[in-house]
Amino acid sequence: MNKIWVIITREYLVRVKKKSFIITTFLMPLLMVAMIMLPVYLANKAEKECTVYVLDENDYFIHRFHNTSKIKFEYPSGELETLKKRCVNGECDAVLHILAGNQSNHANLFFYSDPPLSLKGGISDQMDEIMFDHSLQKEFQIDIEKYKMLKTTSHSDIQTVQIDEEGQGTNRMMELNRVVGMLCGLIIYMFVFMYANIVMRSTIEEKSNRIMEVIVSSVKPFQFMMGKIVGVALAGITQFVLQVAFVLILLVGVGMALPAMVPEMASATGDVASAEVVGTAQSDIFSNISAFYSFPFSTIVICFFLYFLLGYLIYASLFAGIGSTVDNETDSNQFVLPVSLPLILSLMVIVTGISPQSTLVRWLSLIPFTSPIAMLYRLPSRVPAWELGLSLLLLAATFVLCVWLSAKIYRVGLLNYGKKVTWKDLGKWITGKW
Amino acid sequence: MKIIEIQDVVKKFGQQCALDGLSLSVEQGCTFGLLGPNGAGKTTLIRILTCIYQADGGTILFQGHPLTPTDVARIGYLPEERGLYKKMTVSEQAIYLARLRGLSRADAVSNLKKWFRKFEIDSWWNRRVEELSKGMQQKIQFIVTVVHQPDFLIFDEPFSGFDPINADLLKREILELKQRGATIILSTHNMASVEEICDDIALINHGRVLLEGGVNDVRRRFRKNQYTITLEGDTLPAGEFPEELFEILSHHTEGYHTILLLQATPDTGANALLDYFIHRHTVLSFNEVLPSMNDIFISSVQTQNKNH
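Within any chain, residue numbers begin from 1 and follow the written order of that chain's sequence. Chain letters start at A and ligand numbers start at 1, both assigned in the order the entries are written. For this predicted model, a pLDDT threshold of at least 70 governs which residues receive local features, and a threshold of 80 or more governs which side-chain atom pairs are given and counted, while totals over whole chains, interfaces and linings are taken from all residues. As a rule here, side-chain values cover all heavy atoms of the structure and leave hydrogens and water aside.

Caption draft 1: Fine view of the overall build of chain B. Tallying secondary structure elements over chain B gives ten helices and 14 strands in all. Each principal axis of the C-alpha distribution contributes one length, and for chain B these read about 75 × 50 × 35 Å. Among the 308 residues that make up chain B, the fraction classed as buried is 49%. Residue pairs in contact within chain B that sit at least 24 positions apart in sequence constitute 67% of those at least 6 positions apart. Note that accessible areas follow from Shrake-Rupley with a 1.4 Å probe, and for residues the cover is restricted to the protein chains shown. Summing over all exposed atoms, chain B offers an accessible surface of approximately 14,500 Å²; the carbon and sulfur share of this is 47%. Numbered from the N terminus, helices here are DSSP runs of H or I no shorter than four residues, and strands are runs of E no shorter than two. Exposure classes here rest on a 1.4 Å probe applied to the protein chains alone. A residue is buried below 20% of its type maximum, exposed above 50%, and partly exposed in between. The contact rule is simple, with two residues in contact once any of their heavy atoms fall within 4.5 Å.

Right under this line is the structure:
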């Protein structure tokens with residue numbers, strides 16, 4: 001027992017002290033937050049205000065465009081050619097030329113230096129609206145002001161409520177269920193793969209280093225394998241916890257800095273497309289804040305760690321077994337691919353956005369090799385307690401089986417050099433007929 | 001008293017029989033040479049003794065009781081395939097391996113420091129293993145083999161890869177361990193070191209013991225009734241030699257001495273030879289020529305392979 005502890009300590013410290021560990025621990029969250037924040041920031045900040053000269057052959061659109069934070073409309077008098085020249089001189093960013101007569105819904109947008117991509121959409125949205133209002137008025141004699149008022153007041157608000165067996169409801173966001181499930185599944189996939197791979201690589205390294213025999217003459221191969229698996233797991237958990245903490249700190253920091261960075265977001269009222277989306281998404285989240293708080297976080301966190309741990313243990317022990325059979329990493333592919341196939345399959349299923357309540361996901365959440373990902377995907381939606389229990393039980397049993405199998409392979413594979421191992425050999429090693 | 005008794009041990013790898021009912025025993029405090037050609041089963045036997053492999057049949061007694069993994073903790077084993085973690089520092093590595101052999105951290109450090117001082121390698125303490133030459137790494141490997149002061153040691157090809165200076169250092173260390181009463185199993189192809197260090201040997205081939213016993217006994221068993229005699233004078237004595245007693249295989253002179261290599265006839269003893277010369281010449285020295293372990297190794301293995 002004491003020796004296992006010595007092994008765990010070494011495996012843990014070696015990993016945690018590595019430069020790459022420290023870098024990935026802090027860089028990954030930074031990248032993640034940047035990936036979330038950058039588009040928002042860019043959409044709002046990078047686009048400067050554009051000045052557009054409007055030249056309408058019908059004079060209908062004159063003074064009907066309204067200025068936004070992104071587009072400023074001006075209606076100078078003059079020929080198209082002079083306006084174009086002024087555009088070339090940099091007095092405006094674009095010239096909008098609306099054609100005459102029954103072509104009044106056609107327009108040319110002249111620009112000299114590239115305007116932001118959203119400019120065309122922003123103008124066209126406004127043109128549509130103006131034409132629609134015009135038609136309403138003309139065809140149906142509708143009072144536009146009244147119509148607009150009606151339009152803003154007739155706004156539906158659907159609260160999604162998930163009910164339990166007694167019909168008691170809790171405020172839920174259906175989308176939130178899906179997103180949280182997908183996120184948990186993804187994280188488990190990444191960590192299981194990453195750390196199981198580390199176990200395999202380090203086993204191969206110990207073989208090619210020829211340190212293996214020195215070690216297994218002092219400790220049992222099983223002790224060594226388990227020590228390594230646990231040590232690496234602890235390093236993985238350390239990294240995960242640090243990353244989560246770091247992401248939270250970053251998000252809080254960014255959240256505080258955000259209003260200053262994107263002033264429009266606070267007052268986003270029917271602006272240009274991007275700001276609008278962000279704005280509504282945000283107000284949606286805040287309006288559903290009660291849904292957020294009623295989310296079964298404790299269950300998810302506990303299950304996340306259970307599935308994370310068991311999933312890792314299963315794959316790490318299998319990968320340790322694989323690592324022990326080969327002399328170099330390239331030879332390991334023939335075993336790695338079939339073993340990791342279930343993991344990849346379950347990831348593909350959740351990424352396609354198939355319903356968590358579907359039969360496929362239900363089965364995958366019970367099958368041990370896929371359940372760490374599939375069950376987490378399903379968990380935020382309703383999962384009967386017995387299914388969760390069964391899934392965990394099967395997973396734990398599979399873990400014991402995998403460790404047993406891998407230990408058999410491991411103790412033979414360790415000192416097997418040179419000869420390439422086949423599936424048939426593995427069978428012999430497991431049954432002890434080698 | 002016997003420290004290890006191996007009886008009818010069988011180990012099969014698939015169809016291949018690595019050990020085929022092998023039996024041998026090692027006396028406490030003895031330095032035991034485990035000899036044999038490549039693929040004879042030496043390393044397999046050692047791995048069974050260190051509980052890395054399990055035997056398919058037979059028994060192994062360690063100090064009279066069946067060998068258990070706890071006994072292995074008292075063994076110092078230097079494998080033939082030996083390596084170190086390249087990225088760790090020498091001290092971290094040595095402490096780690098010492099702790100795996102059951103030492104506490106404090107004991108590990110103090111024992112290691114002693115050995116490092118003895119080998120004059122204190123300055124390497126904080127170096128990374130990858131910075132060390134192969135010979136330096138071998139020293140570290142030797143130290144971690146003996147750091148837990150085992151009273152039973154197994155060295156598998158300890159001299160391979162050592163330069164003559166380090167090989168000599170290693171030999172002296174092994175002899176010192178022997179003087180302190182440790183039992184040592186030495187598996188090697190270096191026959192000169194076997195004659196120098198070992199008390200007993202076992203020659204194994206095809207998973208069986210071919211030859212066993214004390215080094216001197218074995219050599220005596222293979223004696224060919226040959227002697228060297230050194231006579232005064234720088235010329236070969238003139239005249240006929242009695243064919244019924246011996247024949248001269250070779251002769252040469254060194255300064256004022258003449259050295260003869262004699263093949264005595266089967267019935268002739270050493271005294272009869274000496275008696276013949278002592279009455280005719282001035283005899284300066286007289287020795288029996290025993291075959292070297294190298295000759296015995298080659299001839300025995302070749303004979304068996306031919307019969308196989």
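So, next bit.
Caption draft 2: View of helix 9 (residues 270–278) of chain B. All names here are of chain B. Residues Leu273, Tyr276 and Phe277 constitute the buried set of helix 9. Relative to the axis of helix 9, the buried residues are bounded by an arc of 90 degrees and lie together on one face. Those residues of helix 9 that are buried lie in contact with strand 11 (226–232), strand 12 (246–254), strand 13 (257–264) and strand 14 (283–289). It is the directions from the helix axis to the C-beta atoms whose arc is reported.

Caption draft 3: Inspection of the packing of aromatic side chains at higher detail. All names here are of chain B. Working definition: a ring pair exists when centres of Phe, Tyr or Trp rings (six-membered ring for Trp) sit within 6.5 Å. Plane angles under 30 degrees give stacked, over 60 give edge-to-face, the rest tilted. With the rule as written, the count across this model stands at 31 aromatic pairs over all chains. With a centroid separation of 5.5 Å and an interplanar angle of 70 degrees, the aromatic rings of Phe13 and Tyr53 are classed as edge-to-face. Of the two residues, Phe13 sits in strand 1 (residues 2–13) while Tyr53 sits in the loop between helix 1 (42–49) and strand 4 (57–62), which places them 40 residues apart along the sequence. Judged by relative accessible area, Tyr53 falls into the buried class, the value being 9%. Pairing Phe246 with Tyr276 gives two aromatic rings, centres 5.5 Å apart and planes at 65 degrees, and the pair type is edge-to-face. One end of the pair, Phe246, is in strand 12; the other, Tyr276, is in helix 9, with 30 residues separating them in the sequence.

Caption draft 4: Expanded view of the sheet that holds strand 2 (residues 16–27) of chain B. All names here are of chain B. Criterion used throughout: strands pair if DSSP finds at least two bridges between them. If you walk across this open sheet you meet the four strands as 2-1-4-5, and the pairing is antiparallel. Looking at which strands have only one partner, the edges of the open sheet turn out to be strand 2 and strand 5 (65–66). Pairing of strand 4 with strand 5 involves two bridges; the strand directions are antiparallel. Of the residues in strand 5, the one forming a bridge with Leu61 is Pro66. Axis geometry follows a simple rule: fit a line to the C-alpha atoms, using only the stretch in contact for helices, then measure angles between N-to-C directions, giving values from 0 to 180 degrees. Set on the sheet, helix 1 makes contact with strand 1, strand 2 and strand 4; between it and strand 1 the angle comes to about 120 degrees.

Caption draft 5: Looking closely at the interface of chain B and chain A. At the junction of the two partners, chain B supplies 29 residues and chain A supplies 22 residues. Reported buried area values correspond to the accessible surface (1.4 Å probe) lost by two parts on association, with both partners' losses combined. A buried area of about 2,500 Å², summed over both sides, lies between chain B and chain A, and 58% of it is on carbon and sulfur atoms. Counting the surface chain B buries against chain A, the share from its top three residues, B:Ile52, B:Tyr85 and B:Leu100, is 28%. B:Glu81 is paired through a salt bridge with A:Arg210; the nearest N and O atoms lie 2.7 Å apart. In protein, a polar contact means a hydrogen-donor-capable atom and an acceptor-capable atom, both N or O and within 3.5 Å, with residues adjacent in sequence counting only if both atoms are side-chain atoms; elsewhere, any N or O pair within 3.5 Å suffices. Summed over the shared surface of chain B and chain A, the result is nine residue pairs in polar contact (both at pLDDT 80 or more). Elements with a contribution of two residues or more to the side of chain B that touches chain A: strand 1, helix 2 (69–72) and helix 3 (90–100) of chain B. Sort the elements by how many residues they give to the side of chain B that touches chain A and helix 3 of chain B lands first, with six residues. Grouping the amino acids of the side of chain B that touches chain A by side-chain chemistry returns 15 nonpolar, five polar and nine charged. By definition here, a salt bridge exists when the distance from a side-chain nitrogen of Lys or Arg to a carboxyl oxygen of Asp or Glu is within 4 Å. When residue character is reported, Ala, Val, Leu, Ile, Met, Phe, Trp, Tyr, Cys and Pro are called nonpolar, Asp, Glu, Lys and Arg charged, and the others, Gly included, polar.

Caption draft 6: The nonpolar core, seen in detail. Residue and element names in this part refer to chain A. We define the nonpolar core as a collection of buried residues of types Ala, Val, Leu, Ile, Met, Phe, Trp, Tyr and Cys that are connected through side-chain atoms lying within 4.5 Å of one another. Core analysis: the biggest nonpolar cluster contains 160 residues, and Tyr312 and Phe319 have the highest contact counts within it. Of the residues forming this core, the biggest block, 15 residues, is contributed by helix 12 (residues 297–325). Each residue touching Phe319, except ones within four places of it in the same chain, is listed here: Phe193, Ala196, Asn197, Met200, Val336, Val339 and Ser340. Listed in part, the 14 residues of the second largest apolar core include Val52, Phe61, Ile71 and Ile130.

Caption draft 7: Seen up close, the sheet that holds strand 6 (residues 75–78) of chain B. Residues and elements named next belong to chain B. Strand order in the open sheet made by the six strands is 6-7-8-3-9-10, with mixed pairing throughout. Two strands close off the open sheet at either side, each with one partner strand: strand 6 and strand 10 (208–214). Along the sheet, successive strands turn relative to each other by an average axial angle of 15 degrees, direction set aside. Of the pairings in the sheet, the one linking strand 9 (residues 200–205) to strand 10 comprises six bridges and is antiparallel in character. Across the sheet, residue Leu203 finds its bridge partner in strand 10, namely Leu211.

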